[in-house]
Structure formats: C-alpha cells, structure tokens
Amino acid sequence: MTTESSSSPDSSVHLSADPSPDFSGYAHPEKLVSTQWVADHVLGESHENHQNLVILESNEDTLLYSTGHIPGAIKIDWHTELNDPVSRDFVGPEEFARVLGSKGISRDTTVVFYGDKSNWWAAYALWVFTLYGHADTRLMDGGRDKWIAEGRATTREVPSVTEVDYPVIERDDSTERASREDVLHHFGKPLVDVRSPLEYTGETTHMAGYPQEGTLRGGHIPTAASVPWAKAANEDGTFKSREELEEIYRNEAGIGTSDDVVAYCRIGERSSHTWFVLRHLLGYEKVRNYDGSWTEWGNSVRLPIAVGEERGEAPAGR
Amino acid sequence: MTTTELPEKLHEIVEDFRAVPDPERLELLLEFSEELPALPERYAGHQDQMEQVIECQTPLFLAVELENAAPDAGPTAESIVRLFVSAPPEAPTSRGFASVLSQSLNGLPAAEVLAVPEDLSTRLGLQKALTPLRLRGMSAMLGRIKRNISDQLADQLAG
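In this report, we go over the structure that sits alongside the text.

What counts and how
Residues numbered from 1 in each chain as written. Chains lettered and ligands numbered in written order. Predicted model: local features only at pLDDT ≥ 70, side-chain atom pairs only at ≥ 80, totals over all residues. Heavy atoms only, no water. Helix = DSSP H or I, 4+ residues; strand = E, 2+ residues; numbered from the N terminus. Rg over C-alpha atoms; globule rule 2.2 N^0.38 Å. Axes fitted to C-alpha atoms, helices over the stretch in contact; angles between N-to-C directions. Parallel < 35°, antiparallel > 145°, perpendicular 65-115°, else oblique. Contact = heavy atoms within 4.5 Å. Nonpolar A, V, L, I, M, F, W, Y, C, P; charged D, E, K, R; others polar. Buried < 20%, exposed > 50% of the residue type's maximum accessible area, 1.4 Å probe, protein only. Pairing = 2+ DSSP bridges. Right-handed = clockwise from strand over helix to strand, strands pointing away. Patch = residues over 30% accessible without salt bridge, like charges linked within 9 Å, V, L, I, M, F, W, Y side chains within 5 Å. Areas by Shrake-Rupley, 256 points an atom, 1.4 Å probe, with all protein chains shown as cover. Salt bridge = Lys/Arg side-chain N within 4 Å of Asp/Glu carboxyl O. Lys, Arg positive; Asp, Glu negative; His and termini not counted. Charge placed at Lys NZ, Arg CZ, Asp CG, Glu CD. Core = buried A, V, L, I, M, F, W, Y, C linked by side-chain atoms within 4.5 Å. Buried area = accessible area lost by both parts, 1.4 Å probe.

**Some details on the overall build of chain B**
Here's step 1: Looking only at helices and strands, one finds six helices and three strands in chain B.
Here's step 2: Counted from the first residue to the last, chain B has its helices and strands arranged as α-α-β-β-β-α-α-α-α.
Here's step 3: Over its C-alpha atoms chain B spans a radius of gyration of 16 Å, differing by no more than 12% from the 15 Å that the globule rule assigns to 159 residues.
Here's step 4: Oriented by its inertia axes, the alpha-carbon framework of chain B measures out at about 50 × 35 × 25 Å.

Next comes the structure, spelled out in structure tokens:
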C-alpha cells in the first residue's frame, strides 16, 4: 500500500451522474442515483463498461444483506468494519484501506451506498468515507426498501471480489465531523437536533420502539433547533424536493447556506442523513456531524443540557 | 464457561454457535431466522392478542401459553410452555433470536424456562458481531417470556 495526500483524483475517470430530472434541482445532483440507474449499471447493458463501480449495502440490521440484496452489491458492516471498539472511534487509516481494498474499492472507484431504514446507515457509511476523502460517493435514493417495493431483482449470491490496493490516507476530522469540544466552541452558531420531538424535549432518551441506550439525562444541547430527520424524507424513503427542503431548513429552522452548522442525534446515524441533505442536496458549505451525539453529551459530566420545547440559552463562559 | 444448567436443546444450540468463528455465527443466526414457524391461526393477524417486545428495534410480538397437566388443572411449574413469536422478514436478527428461543424453550416445563440464565446472548458468543443494542433486544425477549410465565403462575396462586 502507498501513502498519498487526500487530494481528489481526476474526476474525469468517474462515472457520469444520474441524469434523472428528479435530482436536477439539488445543489449536487451527482451525489444521488436512482434505483433505475443502479439497475442499468449492475444488470443492464452498461454494466460491462463500468467496472469501476461498487455498490455497497449498509444496514442497521446487519443480517439483512444475507437475506437478499441487489445483484453485485457488497456488504459493509458499520459495526464491525467501520468502528474500532478499543479507541471508540472509526477505524484508522490502515484498517480503512484494508477494508476498502478487500471490497475491490480503489481510490477512484464510484461507490454507491444504499440500505434499510431510509438509508440512515448508508448515509453514515458514506459520511465515514467522506472523512477519508473518498471522492465519488453516492446514495441510491429511497434505499433498499424502494428497490424491493419496485419488485426489482435480488439475490443471495455474494459476488466474488478481486482485492485491490487502497492507499493509506489520514482521516480528516476537521471539516465534516464535530467533537464535543467543537460543539462547546460552536455555541452561537446553528445546532440541529434531528431526533424525535420527545427525545428533544427530554421526555424520552430513545426512539419509540427502541431500547434505552443508557443515556442518563433526557433533553437537548442548549440552543439546538429541533428538525427531526424524517422531515427530509418522503413516505417511500426518497428525499423531498429542493423546494421542500429549503422550506424546512432555511425558512422554518432559519439556517442559511453560509452558516456553520452542526447536526447531531443519538449516535450519529440519523444526523448523517441530515448532514447529507444539508451538505449535498442544499449545498451548505460547512456542515459537521457530531457523531458522539446525545449518547455522549447527555451522559457527560459538566455539560449543560436544555429540557422542554425551548431551545435554551448558550452556557456562559465557554 | 459452563453451560451445564442450560436445558438440553438450548445447550446444543449454544455449542453450535460457539463452535464456529464470528462471521459464521451470523450465518447461523440467519439460518435460525428462516426456521421461525408461522403463527397459528388464532394469532395470525391478531397482534393485539400478543405482547410486543418494545425493546427490540423492529416490531416483534410474542405469546406464551401454558399447557396444563390436566384439562381442569391450572398452570403450575410443570406446565408445558408453548411459545409463539412473530417478527417481520426485514428484521432477520430479531427473527433469529426469536427462533433460537422458540426452538430451545418450546415444550419445556415452565420451571425450566424460568431457570434459563439471563446472559444467554453472551453465551451464544455474539457480542462482537452484533451491537449491544441488539443483544439487549434478545435479553428483553427472554425476560418478557419469563415474566409472562411468572405472571400466569402468580395469577393462578392468587385466583
């Protein structure tokens, strides 16, 4: 393996964007592909011409891939492959390179992510790839559920992969990721809490139907606006239109394109979804995902919280 | 590790899981998920008759019936446990857990089910392959089954 800088490879080697008019309104339409685009590229005539494409399935239920997946798609397990349980962080550069190489992903490969639960975990994996500066990452709009609802082909056959070399690249946590220290220095600028309203007010510390995750306090980070992630999604899991998203984030929540924004949820997966919306669909310039999220903040000694529907005041003297 | 206090069928399942490396344990769980029997008619489409395991990440419902020694006798510690669980196909992990419990506990006397240790998911050796949240879902499923049985036995005593 070789070490390289994290500068983007020549974009001319990448696959062209999905030309679907559904996406043309977004700031970065090339970050989305439709189920039809994926079908064309993995099953259709264009398949042979596009070898430098890897479809990755990233699910909350990590067994789901084995029950049937898009033909040619490879599984990525966010729990065992992207997390380092010892450092309680994402895997380091060598391990990241090993994992990607083992999936046949090179630095210039187009990687399309899709998954269950409206693409939460797909967006999360895409976000981690972004921290490592992988340039061409895309989400399949609507995710796994849409593919299946459309009656498209699935298979249990796991594709054979030719391992490739992925360069060892230092992760850049400064531009798309926020730590709790970053959040402490962020007060006064927009914070978005994407959890459910009951989690925001502090009536509950977890999603309805989900187990308690061991958070000691209920509430939100002071000054955070409540914009549940699901507001950005249609019933079928696809993203809402540019106009609808502008209405939600710009007009209702009052967040502008040039603002420095931090989004969080409970463990960073739902806020990856919102990060994707703000960053790529609305084209906001500086959006960071606080992946420590409520599980860290709500439990931390000497970190203030706000309870109830009011956003609360920024703590003094920070 | 000792598994001597586990019921025989459960002991065998635990041994099967422990005999294979981590990734294959997930495959084994997937096989179990495919073996979860369909609900009998009296429960199919009647989730209101069942108890929801809200600790699980997906809609999972269970019902526990106690088959008594004599038709006119009430439930006792010797009553035979009949377990019914439903979990959607898009939740294979939950289905897998449900199926392990269903295959290992069905047909046992109530007292034996109540004696199953709480750390079952740890014994299956899944703590590396699955998140703590999921393992807690399995513990919750077992906990609810046991509480359901205890409640039925207590009702009998009270009645």
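**Some details on the packing of helix H2 (residues 22–34) of chain B against helix H3 (residues 92–105) of chain B**
Residue and element names in this part refer to chain B.
Here's step 1: Contact geometry of H2 with H3 gives a least axis separation of 7 Å together with a crossing angle of 75°. Of the possible angle classes, the one that applies to H2 and H3 is roughly perpendicular. When H2 is examined against H3, the residues Leu29, Leu30, Phe32 and Ser33 are found in contact with a partner set consisting of Pro92, Thr93, Arg95, Gly96, Phe97, Ser99, Val100 and Gln103.
Here's step 2: When grouped by side-chain class, the residues that make up the contact of H2 with H3 number six nonpolar, five polar and one charged.

**Here's the deal with unusual backbone geometry**
Residues and elements named next belong to chain A.
Here's step 1: Its identity is not glycine, yet Arg88 carries a phi of approximately 45°, on the positive side.
Here's step 2: Its location among the elements puts Arg88 in the loop between strand E4 (83–84) and strand E5 (89–90).
Here's step 3: Assessed through its relative accessible area of 70%, Arg88 is described here as exposed.

**Structural notes on the pairing of strand E11 (residues 286–290) of chain A**
Residue and element names in this part refer to chain A.
Here's step 1: Where burial is concerned, most of E11 is hidden: four out of the five residues are buried.
Here's step 2: As defined by bridge partners, strand E10 (residues 260–264) adjoins E11 across five bridges and the pair is classed as parallel. Residue Val262 lies in a different strand from E11, and its bridge partner there is Arg288.
Here's step 3: In the classification by handedness, the crossover that spans E10, the intervening helix H9 (residues 270–281) and the parallel E11 is right-handed.

**A look at a negative patch on the surface**
Residues and elements named next belong to chain B.
Here's step 1: Taken together, the side chains of Glu8, Glu12, Glu15 and Asp16 define an acidic patch exposed on the protein surface.
Here's step 2: Relative to the assigned elements, Glu8 resides in helix H1 (residues 8–18).
Here's step 3: With a relative accessible area of 64%, Glu8 lands in the exposed category.

**Some remarks on the sheet that holds strand E3 (residues 80–86) of chain B**
Residues and elements named next belong to chain B.
Here's step 1: With antiparallel pairing, the three strands of this open sheet are ordered in space as E1-E2-E3. A strand with exactly one partner marks an edge of an open sheet, and here the two such strands are strand E1 (51–52) and E3.
Here's step 2: Each of E1, strand E2 (61–67) and E3 is contacted by helix H6 (residues 132–158), which is oriented at about 40° to E2, the strand it contacts most.

**Some details on the sheet that holds strand E7 (residues 137–140) of chain A**
Residue and element names in this part refer to chain A.
Here's step 1: Overall, parallel pairing links the five strands, which are arranged E1-E7-E6-E2-E3 in an open sheet. A single partner strand is all that each edge strand has here, and the edge strands are strand E1 (32–33) and strand E3 (74–75).
Here's step 2: Note: strand E6 (residues 110–114) against E7, three bridges, orientation parallel. Within the sheet, the bridge partner assigned to Phe113 lies in E7 and is Leu139.
Here's step 3: Packing against the sheet, helix H4 (residues 120–131) makes contact with strand E2 (53–57), E6 and E7, and its axis sits at approximately 175° to E7.

**A closer look at the environment of Gly107 of chain B**
Residue and element names in this part refer to chain B.
Here's step 1: Its location among the elements puts Gly107 in the loop between H3 and helix H4 (110–114).
Here's step 2: On the accessibility criterion, Gly107 (31% relative accessible area) is partly exposed.
Here's step 3: Sequence separation between Gly107 and Val20 is 87 residues, and the spatial gap between their C-alpha atoms is 27 Å.
Here's step 4: If sequence neighbours within four positions are ignored, Gly107 has contacts with Ile80, Val81 and Arg82.

**As for the nonpolar core**
Here's step 1: Counting 56 residues, the largest nonpolar core has Leu56, Phe96, Phe113, Phe129, Leu139 and Tyr249 of chain A as the members making the most contacts within it.
Here's step 2: Take this core: its biggest share by element is 11 residues, from H4 of chain A.
Here's step 3: Residues in contact with Phe113 of chain A, not counting those within four places in the same chain, are Leu56, Ala122, Ala125, Leu126, Phe129, Thr137, Arg138, Leu139 and Met140 of chain A.
Here's step 4: Membership of the second largest hydrophobic core comes to 44 residues, among which are Val64, Leu83, Leu126 and Leu153 of chain B.

**Topic: the environment of Ala314 of chain A**
Residues and elements named next belong to chain A.
Here's step 1: Counting through the fold element by element, Ala314 comes out in the segment after helix H10 (293–297).
Here's step 2: A relative accessible area of 37% places Ala314 in the partly exposed class.
Here's step 3: In this structure, Ala314 is in contact with Phe187 and Thr223, ignoring residues within four places of it in sequence.

**Quick look at the interface of chain A and chain B**
For an interface, size is often stated in terms of accessible area lost upon the parts coming together.
Here's step 1: Contacts between the two partners involve 20 residues from chain A, matched on the other side by 23 residues from chain B.
Here's step 2: Approximately 1600 Å² of surface area, both sides summed, lies buried where chain A meets chain B, with 56% of it carried by carbon and sulfur atoms.
Here's step 3: Applying the counting rule to chain A against chain B returns one salt bridge.
Here's step 4: In this structure, Glu34 of chain B engages Arg156 of chain A in a salt bridge whose closest nitrogen and oxygen atoms are separated by 2.6 Å.
Here's step 5: Counting residues per element, the side of chain A that touches chain B draws most heavily on helix H2 (residues 78–81) of chain A, at three residues.
Here's step 6: Grouping the constituent residues of the side of chain A that touches chain B by class yields five nonpolar, eight polar and seven charged.

**Concerning helix H1 (residues 35–42) of chain A**
Here's step 1: Summarising burial for H1 of chain A: six of the eight residues are buried, a large majority.
Here's step 2: Packing partners of the buried residues in H1 of chain A comprise E1, E2, E6, E7 and helix H5 (143–149) of chain A.

**Regarding the pattern of salt bridges**
All names here are of chain A.
Here's step 1: Per the counting criterion, the structure on display carries 32 salt bridges over all chains.
Here's step 2: With a shortest N-O distance of 2.9 Å, Asp89 and Arg177 are connected by a salt bridge. In this pair, Asp89 sits in strand E5 while Arg177 sits in the loop between H5 and helix H6 (180–184), placing the two residues 88 residues apart along the sequence.
Here's step 3: Taking the relative accessible area as the measure of exposure, Asp89 reaches 22% and is therefore partly exposed.
Here's step 4: Among the ionic pairs, Arg180 bridges to Glu181, the shortest N-O distance being 3.5 Å.
Here's step 5: For Arg180, a relative accessible area of 25% puts it in the partly exposed group.
Here's step 6: Looking at Glu181, the relative accessible area reads 41%, which means it is partly exposed.
Here's step 7: It is possible to trace a salt-bridge network through shared partners that takes in Asp89, Arg171, Asp173, Arg177 and Asp291.

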